[in-house]
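# Understanding the architecture of this molecule
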Amino acid sequence: MVMNDEGQLYTIEGITAGVIMLVTAFTIFNSGLVYTPGDAHISDMQIQQLGYDALQMMDTPADSSPLYESPLAKMIQGNHGDQFKIEFNDYLKKHTGTTEIVDSLEFNATVFNRDGDTPHSYQFSNSTMYETSQLTREPAISVTRYVWITGRPFASGYDTGNQLVLLEVLIWRR
Amino acid sequence: METLNDEGQWIVMMGFLVAIGMFMLAIVVSQAPLVGQTTAESVMEFPKNEIQDLRGKLVSMGSTLPEISLETPDSDQETLQNRFREDMALLSMSRNNAIANYSVDPLYNGKYWYDSGTYGDVFYKYHQIDIHYNNGVTEYSESLLLPQWDPEG
C-alpha cells in the first residue's frame, strides 16, 4: 500500500491553528483564577493545628469529674505566664526523634474576658522575641481556646466568680 | 507553497504531536499546587477546633450545670449557666466572628425536661443540651443528651 503524502503541511497548519485556539480558550477561562502559592496555606494549616492541639493538651484536667480545673486554667488564674511560656514552647517543639524540626516558632498570648457587655483583654504570655523576629516574620496564625476558671483572672477590675475566658494565641514563624 | 521543501514532514508532524503531549502533561502538573492550596484553605476555614472546644466545654461542665427547674429552682445554677452562655456568646462574636450559643432543657408543656422527667431511665435523668454555632460559612447545630451527674452516686 502506498501512502498518500500530499497535503501534510496543510494538516500541520490545521493542527497548529487548533492548538492556538485551544490555548487561547484555556487562557481566557483561567484568567479568572487568582493563583497564590499553595505552600503558604499548607504550613499555616499545620501551625494552626499544632497550636490548637497544644492548647487542648494543656486544658485537659488531670481529673475528669465535672468542673475540675485544668493546668491551663490554673496558669491563667494565677497569672503564671512564665509557666505557660515553658510548657507551650515545649509542645510546639515536640518531634518524633527521627527528625529534627526547625525550632523557629514564636507566640504571643492574650486573655479575653467579659465584663458586662464589653470584652476586656490583657497580655498573658509571649515567647522570647528574638531580634530577627522584629525585623521580618511570616504572617501570624490565630488559635483560640475557651478556658473555665473559678475566679476572676489576674487583672483587677473584672467580675469575680466562675467564668469562661478566651485565650487567644498568635503563632508565627520568624 | 510550490517552492516549499516537502521533505521530512512526517518528522515535523510527530514533533508537533510530542510537543502537544508535553503541553497537556504540563497543565496536569500545574494543577497540583492548586489542589494543595484549596485543601489547606478549606481545612483552615472549617472551624473544627472551635466547635470541638465549645462542645467539650459543655460536655465536661454541662452535666453539673443544668438543674434548671421550676419545681426546685436553684438560682446559683441559673446564674452560672447564664454567665457561661453570655461569656461564650460575646467572646465568640468579638474574637472568632462566630455566633455561638447553647440552651439546656427546653420547656415542654410548661415544664422543663428535668421536671417532667421526659428523658430518664432507672439510672439517670438526662438533660438535653442544644448547641448552635454559625460563623457565616459553617453552621452547626447539635442536641446532646447528658446524664445528670450525681456526686452521691
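Here goes a summary of the coordinates provided. In this text, all values refer to a predicted model and were calculated from it rather than measured experimentally. (Residues numbered from 1 in each chain as written. Chains lettered and ligands numbered in written order. Predicted model: local features only at pLDDT ≥ 70, side-chain atom pairs only at ≥ 80, totals over all residues. Heavy atoms only, no water.)

### Side note on the nonpolar core
If you look at the biggest cluster of nonpolar residues, it comprises 27 residues, and the most contacted ones within it are Ile76, Phe84, Phe88, Leu167, Val169 and Ile171 of chain A. Elements with a minimum of two residues in this core: α2 (38-58), α3 (71-77), α4 (81-93), β1 (105-115), β2 (118-126), β3 (141-149) and β4 (163-173) of chain A. Considering every element that reaches this core, the biggest residue donor is α2 of chain A, with five residues. Core analysis: the next-biggest nonpolar cluster, separate from the first, contains 22 residues, Trp148 of chain A together with Leu80, Ala98 and Ala100 of chain B among them. (Core = buried A, V, L, I, M, F, W, Y, C linked by side-chain atoms within 4.5 Å. Buried < 20%, exposed > 50% of the residue type's maximum accessible area, 1.4 Å probe, protein only. Helix = DSSP H or I, 4+ residues; strand = E, 2+ residues; numbered from the N terminus.)

### Comments concerning the interface of chain A and chain B
Counting residues at the interface gives 48 residues for chain A and 41 residues for chain B. For the pairing of chain A and chain B, the buried interface totals around 4,200 Å² over both sides, and the portion due to carbon and sulfur atoms is 67%. The interface formed by chain A and chain B contains five salt bridges. A salt bridge links Glu86 of chain B to Arg114 of chain A; its shortest N-O distance comes to 3.2 Å. (Contact = heavy atoms within 4.5 Å. Buried area = accessible area lost by both parts, 1.4 Å probe. Salt bridge = Lys/Arg side-chain N within 4 Å of Asp/Glu carboxyl O.)

### A closer look at a nonpolar patch on the surface
A cluster of nonpolar residues, Met3 of chain A together with Trp10, Met14 and Leu17 of chain B, forms a patch on the protein surface that exposes about 410 Å² of accessible area. Position of Met3 of chain A among the secondary structure elements: in the segment before α1 (8-30). (Patch = residues over 30% accessible without salt bridge, like charges linked within 9 Å, V, L, I, M, F, W, Y side chains within 5 Å. Areas by Shrake-Rupley, 256 points an atom, 1.4 Å probe, with all protein chains shown as cover.)

### Brief notes about the sheet that holds strand β1 (residues 99-104) of chain B
Residues and elements named next belong to chain B. One open sheet accounts for three strands, arranged β1-β4-β5; its pairing is antiparallel. Edge positions in the sheet fall to β1 and β5 (139-147), since each of these pairs with one other strand and no more. Ignoring strand direction, the axes of neighbouring strands in this sheet form an average angle of 15°. As paired strands, strand β4 (residues 126-134) and β5 are joined by nine bridges and run antiparallel to one another. Looking at β5, one finds that Ile129 is bridged to Leu144. (Pairing = 2+ DSSP bridges. Axes fitted to C-alpha atoms, helices over the stretch in contact; angles between N-to-C directions.)

### Quick look at the sheet that holds β3 of chain A
All names here are of chain A. Taken in spatial order, the four strands make up an open sheet running β2-β1-β4-β3, and their pairing is antiparallel. This sheet does not close on itself; its edge strands, each paired only once, are β2 and β3. If you compare each strand with its neighbour and ignore which way they point, the axes differ by 25° on average. Sheet topology note: the β1/β2 ladder contains eight bridges and is antiparallel. Residue pairing for β2: Asp115 is matched across the bridge by Thr118. Across the sheet, α4 lies against β1, β2 and β4, angled at about 130° from β1, the strand it touches most.

### Regarding the packing of aromatic side chains
Residues and elements named next belong to chain A. For the coordinates displayed, the defined rule picks out four aromatic pairs over all chains. Ring plane angle 10° and centroid distance 5.1 Å describe the contact between Phe84 and Phe88, whose orientation is recorded as stacked. Taken together, the residues span about one helical turn, with Phe84 and Phe88 both in helix α4 at a distance of four residues. Phe88 matches Phe84 in its accessibility class, with the two residues each being buried. (Phe/Tyr/Trp six-rings, centres within 6.5 Å; stacked < 30°, edge-to-face > 60°.)

### What about the pattern of salt bridges?
Applying the stated criterion across every chain, the model contains ten salt bridges over all chains. The salt bridge involving Asp59 of chain A is made with Arg145 of chain A; its shortest N-O contact spans 2.9 Å. Of this pair, Asp59 of chain A sits in the loop between α2 and α3 while Arg145 of chain A is found in strand β3, placing the two residues 86 residues apart along the sequence. The exposure class assigned to Asp59 of chain A is buried, which follows from its relative accessible area of 8%. Between Arg145 of chain A and Asp53 of chain B there is a salt bridge, with the nearest N and O atoms lying 3.5 Å from each other.

### What about the pairing of β1 of chain A?
Residue and element names in this part refer to chain A. A large share of β1 lies buried, amounting to eight of its eleven residues. Alignment of β1 against β4, held across eight bridges, turns out to be antiparallel. Pairing of Val111 across the sheet is with Leu167, part of β4. Counted between consecutive antiparallel strands, the loop separating β1 from β2 contains two residues, among which Gly116 sits at a positive phi close to 65°.

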